[in-house]
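Listed here are the chains, written in short residue letters.
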Amino acid sequence: MVHPPVADIPPGSLPSGSLPQVDVPSGVPNGLPGAAPPPPVAPHRGSVIGSAVTDAIVSGLLTGLLLLPLVGFRATESGSGPLGLTYRFGLVAVFAAIVAVLRLVLNLTVWRRGRKVKTGTEPSAFAALVQKAAPALRPAFFSFAIAYPFLAILLSGGLSPSRYWVDLGIYVLTYVMLGWGLNIVVGLAGLLDLGYVAFYAVGAYTFALLSTSVPLNEFFAGHLGEGFWTAWSFWLCLPVSGILAAFWGVILGFPVLRLRGDYLAIVTLAFGEIIRLVLINWVSLTNGGAGISSIPPISFFGVPFNSSDDGFAARYGLDFDSMHRIIFLYFVILGLAVLTALVTIRLRQMPVGRAWEALREDEIACRSLGINTTLTKLTAFATGAMFGGFAGAFFAVRVRFVSPESFTFMESAVILAIVVLGGMGSQMGVAGAAILLIGGMEMLRNLSFLKADFLFGPDFDPSLYRMLIFGFAMVAVMVWRPRGLVSSRLPTVFLKERKAVSASLVKEGHG
Amino acid sequence: MASLDPVAGARAPILAVDHLSMRFGGLIAVNDVSFVAGRGEVTAVIGPNGAGKTTVFNCITGFYKPTTGRLALFHGGAATPEELDAVTASGLAWGRTAAGALYLLERLPDHKVASWARVARTFQNIRLFSGMTVLENLLVAQHMSLTSAGLLNPAALLNLPSWKRQQKGAMDKALYWLNQIGLVERADDPAGDLPYGDQRRLEIARAMCTNPVLLCLDEPAAGLNPRESAALNELLLSIRRDHDTSILLIEHDMSVVMEISDHVVVLEYGCKIADGTPDEVRNDPKVIASYLGVEEDEAAVVEAEVGA
C-alpha cells in the first residue's frame, strides 16, 4: 500500500491521531514498531547550554539597548546655567548583566526543557539534603556559634573593632532563642500566637523592676553585703522572669482555650497589645513611656565587668576592656538559646511533646485517647512563654534600659515570620531563618557599594531600600518553599530508621 | 430509676444505656434508647442512615452531652441496682462498687471517658495523626499510662533509668499491636501514607493501646474490600478473645455484623426497633421492613422471598 502524497489528502480523511507517514514499508500497518515515531530524544546537553548562553547574550544586549536612552542619559541642573547631560553607562551595563545572568540561570534550571516537574509526596531533594547533612549540621552550627566572637576579633583585628560583629551575633541569637521559644507554641502545638512579645516584655520588666527595686537592694545589702544585689540580680532574676512569663502564658492560655485559628490569633494579638498598654499607662510601677533605666549590668557570676581591683579584668589578669562584658553577654545568650533547644528536643521525646504534636495533627483524636487538651495547650503556652521571659530578662540586662517601645507588635510579627520562614517545628530551620532575617536585614545596611559613581551615585541611600529588598526576599522564599526552609518533620522515635515526614502530611494546626 | 433492659437479663453488662435521648434544637436524634452491651461480647448497633447510631456513640464517648438518660459503665463486674442508684443520686461521676467501679459517662468530659472510664473509640472518617509515624501514633495513645507521674515528670526530663524502663514498656506494647495488625514493616512511615485498610486497623490498634475496657468502633469496615474486611473480623475476634475488652460497633456491612457480633441493637429514626442475637434480629419483621422499606404486614412475604 502506498500513501498518496501528503498534499493530496483531503482534510479529515486520515484516521484521527495518526500522522501521514510517507516511507512506510508496504504490509506494515500503522501502530507496529516499524511505524512507531522515534522516541523523544533528550536535547543534547551542549545545545542546552549553548542556546541558554545565546539567549542570555541577546536579552542582555536588548536590555542594554532599551535602557540606553532611558537610564544611560540624565539631564541635570547645574546651578542657574542650562541643563547639563550626565552619562550613566555603568548602570546600564549593570542592569543588562543582571538580566543576562538571570535569564541564563532560569534557562538552565526552571525553564529548562524536559525538566522533571516534581509532584508526589516524597521529601524534596533539598529536604533530603538537609536530612543527610543534619547530623553534621548541628555540631557545625554549634561550633561556629562558639567560635564566632573569636573569629570576629581575629578578622576585624582587635577587641574594640569587633564590637559591631559581636553585637550582631547577640542580636541574632536573641531572635534564634525567641524563634525556638515560639516554635513550641506555633510549630509543635499548632497554636497561632501573635502576641509572643508580651512574654518577652514580662521577662524584661520583671528583671528591670526587681533589679532596680530599692527595698530589695536594701534587704540584700543588710544581709549579704553592699553591692550584692547589683552583682547577682540578673542571675537571681532570670528564673523569676521565666516563671512569671510562664504564669502569664497560663493566664493568656485560659481564655483562648476554646478558640481556634483566626480567632485565637486575634485574641493573642490583643493580649500582646494589652501588656504593652499596661506598661505605658501604669506609670507608678513602670515609669510609663519613659521606661526604666540604670538597670545594673551583667556580672561574671558576681564579678563585675569594671576597671576596679576586684573587677573581672583585674581578677583574671587581663587588661580592662569593655568588650569583655559584650563577649560574656554573647555566651550567656548562646547558653540560653542552647538550653531552649535542648529542653525542646527533650520535651518532644516525652509524652507531653508528643501530645503537643498530636494536638496539632488532630485535637478530637487526642481527646478520644484521653489526652487532656486543656492542660496540654496550657503547658505549650507556658513553656513557650518561659523561654520568651528568659530572653526578655537577657534583653533588659544587655540594653540596660527597657521601655514599652521595644515590645511592639512588629516584634511579634518578626518572631512569627522567623518561625514560619524556618519551617514550623524545625529547629535548624528556625535558626537559619533567624540568621537570614535578622542578620540579613542588618547586612542590607552595608550596601554602600551601590553609592559608587557608576551605579546610583553618592546621593543614593541604599538603607532606604532595605525593607523593600527584604520583602521581596520573603516573598521569593515563600514561593520557593511554601512550608518554610525545612518543611519536613523528623519523627521523635523510630524502630529501624528515622525517615523524614513530608510536609504535605504534616498539619499546621492553629487550633 | 428504670431497671435494666429485660432482654439482657441473663448477660453481665459492661455498659447499660438507660433512656438515652439527644436533641439538637427541635430535632430528636436519639429518642429514649435503652440497651445493654455485655461484658466480653461484641455488640453491634445497626440501622439505616440517619438512625442516630453515631449520636449514640458520641454520647457514650463523651463528645456529646445527652439531653436525658444514664450511661453506666462497669469496671470489674456489674453493679447492683442499689449501687447504681446510690451513685446516680450522689451527683458524682463515679463510685466504687463491690465488683469494682461504676462510671456514669454522661457526667464525664470526653477525655476522662477515655482516661478514667477507659472507653476507647475510632471514628467514621479515620482520625489518625497523619504527620506522625505509625509508631508515634501508638505511643501517643499511651499518653495516660506514661504520664501517670505527671506531665513534666522529672525522671522523664532527665531520662533516668526508671523512665527508660517505662518507655521500653510502651515500645513493647506498640510493637505487640504492630504485630497484631501486621504493620511492623511500616512502623517508621507516616500514618498518612498507609493504604486505607491499614489506616483503619492502625486506628483500632491505637485505641487498644489505651487499655480500654470497652472499644467503640464507628463503621470499622466502611470502605474495605472483602479481604480487608475478613482481616478486620479476625482482628476484632482476637481482641475479644485475648484481651479483657468488650466491643461496641456501628456497622453497615452485614457480613461483619452477622459473623462476629453476639448481640445486635437496631435503631431507626432515633428509636430502638429490635435488640437480640444476630439470628433473632435477622428474622425480626420490623428490621426487615426498615431495611427493605416495606410495610410491616408485607414483611412476612418479603421474609419468605429472601429466605431469611
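Calculation notes
Residues numbered from 1 in each chain as written. Chains lettered and ligands numbered in written order. Predicted model: local features only at pLDDT ≥ 70, side-chain atom pairs only at ≥ 80, totals over all residues. Helix = DSSP H or I, 4+ residues; strand = E, 2+ residues; numbered from the N terminus. Buried ≥ 20, exposed ≤ 12 C-beta atoms within 10 Å, placed from the backbone. Contact = placed C-beta atoms within 7 Å. Domains from an automatic or database assignment. Pairing = 2+ DSSP bridges. Nonpolar A, V, L, I, M, F, W, Y, C, P; charged D, E, K, R; others polar. Axes fitted to C-alpha atoms, helices over the stretch in contact; angles between N-to-C directions.

Trainee: How do you make sense of the overall build of chain A when you look at a structure like this?
Mentor: Scanning chain A from terminus to terminus reveals 17 helices and 4 strands. Within the span of chain A, comprising 511 residues, buried residues form 36% of the whole. Taking all contacts inside chain A whose residues are at least 6 apart in sequence as the whole, residues at least 24 apart take part in 72%.

Trainee: What should I look at first to understand the environment of F219(A) in this one?
Mentor: By the element assignment, F219(A) lies in helix α6 (residues 214-224). F219(A) sits 10 residues away from W229(A) along the chain, and the two C-alpha atoms are 9.0 Å apart.

Trainee: Looking at this structure, I do not really get the domain arrangement of chain A. What am I missing?
Mentor: A common measure of how large an interface is: the accessible area buried when the components associate. The domains assigned to chain A are domain 1 (46-76 + 84-108) and domain 2 (161-505). Placing a centre on the C-alpha atoms of domain 1 of chain A and another on those of domain 2 of chain A gives a separation of 44 Å.

Trainee: Whenever I open this one, the pairing of strand β2 (residues 83-87) of chain A confuses me. Can you help?
Mentor: Within a regular beta strand, the side chains point alternately toward one face of the sheet and then the other, so they alternate between its two faces. Residue and element names in this part refer to chain A. Little of β2 is tucked away: 0 of the 5 residues are buried. Pairing geometry for strand β1 (residues 73-77) and β2, over 5 bridges, is antiparallel. Along β2, the bridge assignment pairs F73 with Y87.

Trainee: Hey, could you run me through the interface of chain A and chain B in this one?
Mentor: Contacts between the two partners involve 35 residues from chain A, matched on the other side by 32 residues from chain B. Within the residue set of the side of chain A that touches chain B, elements represented by two or more residues are α12 (351-361), α13 (363-368) and α14 (373-399) of chain A. Grouping the constituent residues of the side of chain A that touches chain B by class yields 17 nonpolar, 6 polar and 12 charged.

Trainee: In this structure, what is going on with the environment of E106(B)? I would like to understand it.
Mentor: Within the secondary structure, E106(B) sits in the loop between β6 (101-104) and α3 (110-115). Counting along the chain gives 40 residues from E106(B) to P66(B), while the straight-line C-alpha distance between them is 6.6 Å.

Trainee: Mind showing me how you'd approach the pairing of strand β10 (residues 263-268) of chain B here?
Mentor: Residue and element names in this part refer to chain B. Within β10, 5 of the 6 residues are buried, which leaves it mostly tucked inside the rest of the structure. Sheet topology places strand β3 (residues 42-46) next to β10; 4 bridges connect them, and they run parallel. Residue pairing for β10: I46 is matched across the bridge by V266. Sheet topology places β10 next to strand β11 (residues 271-276); 5 bridges connect them, and they run antiparallel. The residue bridging V266 from the neighbouring strand is A274, located in β11. Hairpin remark: β10 followed by β11, antiparallel, with 2 residues in the connecting loop; positive phi at Y269, about 45 degrees.

Trainee: Help me understand the sheet that holds strand β5 (residues 94-96) of chain B in this model?
Mentor: Paired through backbone hydrogen bonds, the strands of a sheet run either parallel or antiparallel to each other. Residues and elements named next belong to chain B. Pairing within the open sheet is antiparallel, and its 5 strands lie in the order β2-β1-β4-β6-β5. Among the strands making up the open sheet, the edge pair consists of β2 (27-38) and β5. Strand-to-strand, the axes of this sheet are offset by a mean angle of 15 degrees, without reference to chain direction. Bridge count between β5 and β6: 3 bridges; the pairing is antiparallel. If you follow R96 over to β6, its bridge partner there is A101.

Trainee: What is the right way to look at unusual backbone geometry in this model?
Mentor: Only a minority of non-glycine residues have a phi that is not negative, and only a minority of peptide bonds are not trans. Here F301(A), not a glycine, exhibits a phi torsion of approximately 45 degrees, which is positive. Among the structural elements, F301(A) can be located in the loop between β3 (299-300) and β4 (303-304). Among the residues examined, F301(A) registers 11 C-beta atoms within 10 Å and is labelled exposed. Although it is not a glycine, N211(B) adopts a positive phi angle of roughly 55 degrees. Inspection of the secondary structure assignment puts N211(B) in the loop between α8 (196-208) and β8 (214-218).

Trainee: Just checking my understanding: could you explain the sheet that holds strand β9 (residues 246-250) of chain B for this structure?
Mentor: Residue and element names in this part refer to chain B. In space, the 6 strands of this open sheet follow the order β7-β8-β9-β3-β10-β11, with mixed pairing throughout. Each edge of the open sheet is held by one strand with a lone partner, namely β7 (119-121) and β11. Pairs of neighbouring strands in the sheet enclose a mean axial angle of 15 degrees, with direction left out of account. Pairing of β8 with β9 involves 5 bridges; the strand directions are parallel. Along β9, the bridge assignment pairs C216 with L248. Its contacts with the sheet place helix α1 (residues 53-60) against β3, β7, β8, β9 and β10, and it is angled at close to 145 degrees to β8. Relative to β9, helix α9 (residues 226-242) is tilted by about 150 degrees, and along the sheet it contacts β3, β8 and β9.

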